[in-house]
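Summary of structural features
What follows is each chain in one-letter form.
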Amino acid sequence: MIKIENVTKVYPGSDKAVVQDLNLHIEKGEICVLVGASGCGKTTTMRMINRLIDLTEGRILVADQDIHSVDPIKLRLGIGYVIQETGLFPHYTIEKNIATVPIELKWDKNRIQERVRELMGLVDLDYEQYAKKKPSSLSGGQKQRVGVARALAADPPIMLMDEPFGALDPITRAKLQNEFLDIQARIKKTIVFVTHDIDEAMKMGDKIAVMQDGKVVQYGTPHEILTAPVNKFVENLVGENRILKRLSLITCGEQQVNSPIYNLPGDEETLIERIAQNERLSTHQIVGIAGEEKTPLGYIPLFKYDRGDSTPLLDRIVTPPLTIHQNKTLFDALGVLFNTGERGVFVVDDEGRALSFITMTDLFEAVQ
Amino acid sequence: METKKITINDFILPIIIIALSIGYGYYVLTYPVDTIVSNYLSLPLIFKMVRQHFYLILVSASLAIATSVPLGILLSRPMFKRVRSLIVGIVNVGQTIPSLAVIALFVGILGIGSKTAIFALWMYSLLPILNNTIAGMTGVSPFIIDSAIGMGMTKVRTLFFVELPIALPVIMAGIRTAVVINVATAVIAAYVGAGGLGDFIIAGKNINRWQILLLGAGYASLIALLLDHILGVVERILTQ
């Protein structure tokens, strides 16, 4: 969708290239995050795509068309643009702010109003409550929602986002990131996302381009960046705790390494058999126990019992059962285990049925 | 919520001002201290002087707006960054020359009459409007302009629909300052025969009649208050 080919940018009056011989192919429907320290050329690269900055050498193709062969105004009207400072027009109402590009495109009034309603619904802002208000009466998070809605107004296939959530507090930022990912899952835009925050990059990116001194040092999926950093710079950027970061790339539902769940009533015999087996192997395994309709009941630490123990199975269950939704990440699961000091947590679906049981040992194995 | 429309409150001050003017005018015409005052003053004369005063102010202010606002916009563009301080400096120097001196100087060139007076008043209104236009335009957040251009607005549309409306309150404040200063300065127009309320002040002082003097001074102050109020209301409506 976006092809950046051998692009170099040198500002007039300077002999140092801000962006040097940069190549980047961004696939349709992907979020490509440009990440790096300030001054690494990530924002310059992004701004060359909608020609806010003209490149010195090389070429950029958007939808197989050289951006220098199209009128810059036309090009920009087809590319959504979100910046950290939101850049909302203080003298316009929220409604008119969102309608900026449709007004430039001369849509008719009804169509614009309909679209604004739709977009405000998409970014979770109540139309009746906010449409006629000025940006100054909104919170930072709400302003950024308006910023995103405004960029999406004319349904552009491409969006450029320059640290869109950078000025928000951590809680609001995480909330907006999640909501944006939900929206993106539905609208499938091609997005160039600039950030200096590697955690944000890991979370938002389908692909990550790590930049340093105007060059892309590594381009790959978050998983690739974490597992195989190409050099010391990338390694430092992802940090010492990159194993922990990998946990946050996998959702509990996707996790393959699980401990078994036994249903009571139903699996009494297999469970007794399992305990006997454990006695022989002397591992420290625990198993999850679910009741009727897969309701999580708790867990049984196998190593505490031997074959001759006559405690009824139901009395051996350690309660209460911990649960976590299947869409949460393994990192969240780890947090749950650490917070409670328990050994295992049930992954549940929307109805609260146990899907799998994850223990500390499973988490270890997941990142090995 | 801010009020957009003109409310009843906006009329209170103008009504008080008009009532005071009518009251004082009626008083001087009905109870003159002596025959000198009664011979000098008449209702048509008062109307004529007020009208001339308004004429001087409105013409000079309009001319000043027409020159300063475009000039200010031009100077606020990045490419004129260097000449900006130079031109503001020149206008500043113009401001420091006493108004009476300017009028005296230009009588030689433009002659006696309202032309000279309007020229002097125009010169005095330039600076506040120019300064405020530049301050207002350069005060628009660069991020707002960046997002406007980045979304695909043309430079001209960004100027008229984004930058100017945002700078408008500051520009309007400059215009208000200029107009209020002008109402007072216009009094000296009487020295070059341009008429206006200054005639009453000079005459009142020369023949030593406080009623005539107060007529000129009082009316000038009331006009200043009235115009400031009206421009304030205009500013409020325009900026919402």
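Coordinates for the structure precede this section.
These lines cover the structure that appears in this document, whether it is placed above or below. (Residues numbered from 1 in each chain as written. Chains lettered and ligands numbered in written order. Predicted model: local features only at pLDDT ≥ 70, side-chain atom pairs only at ≥ 80, totals over all residues. Heavy atoms only, no water.)

What follows covers empty space enclosed by the protein. Residue and element names in this part refer to chain A. The tally for this structure, following the rule as stated, stands at two cavities of 30 Å³ or more. Space inside the largest cavity adds up to approximately 80 Å³. Surrounding the largest cavity, Val123, Gln144, Arg145, Val148, Phe165, Leu176, Glu179, Phe180 and Ile183 form its lining. For the lining of the largest cavity, the elements supplying multiple residues, two or more each, are α7 (140–152) and α8 (170–187). (1 Å grid on protein atoms, 1.4 Å probe; cavity = no way out; pocket = protein on both sides within 12 Å on 5 of 7 lines; lining within 4 Å. Points joined across faces, edges and corners; volume = space filled by probe spheres on them. Helix = DSSP H or I, 4+ residues; strand = E, 2+ residues; numbered from the N terminus.)

On to the interface of chain B and chain A. Contact with chain B, which involves 17 residues of that partner, is made by 23 residues of chain A. Where chain B abuts chain A, roughly 1,800 Å² becomes buried across the two surfaces, and 64% of that area is made up of carbon and sulfur atoms. On inspection of chain B and its partner chain A, the count reaches two salt bridges. Of the charged contacts in the structure, one is a salt bridge between B:Asp146 and A:Arg47, with a shortest N-O distance of 2.8 Å. Looking at the side of chain B that touches chain A, the elements that each hand over two or more residues are α7 (142–151) and α8 (155–185) of chain B. Examining the composition of the side of chain B that touches chain A, we find that eight residues originate from one element, α7(B), more than from any other. Grouping the amino acids of the side of chain B that touches chain A by side-chain chemistry returns ten nonpolar, five polar and two charged. (Contact = heavy atoms within 4.5 Å. Buried area = accessible area lost by both parts, 1.4 Å probe. Salt bridge = Lys/Arg side-chain N within 4 Å of Asp/Glu carboxyl O. Nonpolar A, V, L, I, M, F, W, Y, C, P; charged D, E, K, R; others polar.)

Here we come to the environment of B:Ile15. Residue and element names in this part refer to chain B. If you trace the backbone, isoleucine 15 turns up in helix α1 (residues 9–30). Taking the relative accessible area as the measure of exposure, isoleucine 15 reaches 54% and is therefore exposed. Sequence separation of isoleucine 15 and isoleucine 36 is 21 residues, and the distance between their C-alpha atoms is 31 Å. (Buried < 20%, exposed > 50% of the residue type's maximum accessible area, 1.4 Å probe, protein only.)

Scanning all chains against the criterion turns up 21 salt bridges over all chains. For A:Asp155, the salt bridge identified is with A:Lys189, shortest N-O distance 2.4 Å. Within this pair, whereas A:Asp155 is found in the loop between α7 and β7 (158–162), its partner A:Lys189 is found in the loop between α8 and β8 (190–195), the two being separated by 34 residues in sequence. You can call A:Asp155 partly exposed: its relative accessible area is 48%. Residue class for A:Lys189 comes out buried when judged on its relative accessible area of 5%. The partner of B:Arg209 in a salt bridge is B:Asp34, and the shortest N-O contact between them spans 2.6 Å. Of this pair, B:Arg209 sits in the loop between α9 (198–206) and α10 (210–238) while B:Asp34 sits in the loop between α1 and α2 (35–40), placing them 175 residues apart in sequence. A residue is classified by how much of its surface remains accessible, and B:Asp34, at 26% relative accessible area, is partly exposed. Residues participating in the shared-partner salt-bridge network are A:Arg145, A:Lys175 and A:Glu179.

Our focus in this paragraph is the environment of B:Leu121. All names here are of chain B. On the secondary structure map, leucine 121 appears in helix α6 (residues 114–138). Judged by its relative accessible area of 3%, leucine 121 is buried. In this structure, the C-alpha to C-alpha distance between leucine 121 and asparagine 182, residues 61 residues apart in sequence, is 6.2 Å. Discounting chain neighbours no more than four positions away, the residues touching leucine 121 are Leu56, Ser60, Asn182, Thr185 and Ala186.

All names here are of chain A. Here we have four strands laid out as an open sheet, ordered β2-β1-β4-β5, and antiparallel in their pairing. Each having just a single partner strand, β2 (17–26) and β5 (65–66) make up the two edges of the open sheet. Examined bridge by bridge, strand β4 (residues 57–62) and β5 share two bridges and lie antiparallel to one another. From the neighbouring strand, leucine 61 faces β5, where its bridge partner is aspartate 66. The strands touched by helix α1 (residues 42–49) within the sheet are β1 (2–10), β2 and β4, with β1 carrying the most contacts at an inclination of about 120°. (Pairing = 2+ DSSP bridges. Axes fitted to C-alpha atoms, helices over the stretch in contact; angles between N-to-C directions.)

The subject of this paragraph is the sheet that holds strand β16 (residues 354–359) of chain A. Residues and elements named next belong to chain A. Taking strand neighbours across the sheet as the criterion, the three strands line up as β14-β15-β16 in an open arrangement whose pairing is mixed. Of all the strands in the sheet, the pair left with one neighbour each is β14 (323–325) and β16. If you compare each strand with its neighbour and ignore which way they point, the axes differ by 35° on average. Relative to β16, strand β15 (residues 344–348) is paired through five bridges, and the arrangement is antiparallel. Residue valine 348 lies in a different strand from β16, and its bridge partner there is alanine 354. In this fold helix α15 (residues 330–340) packs onto β14, β15 and β16, with an angle of close to 135° to the strand it touches most, β15.

Read these as geometric descriptors, not functional statements.
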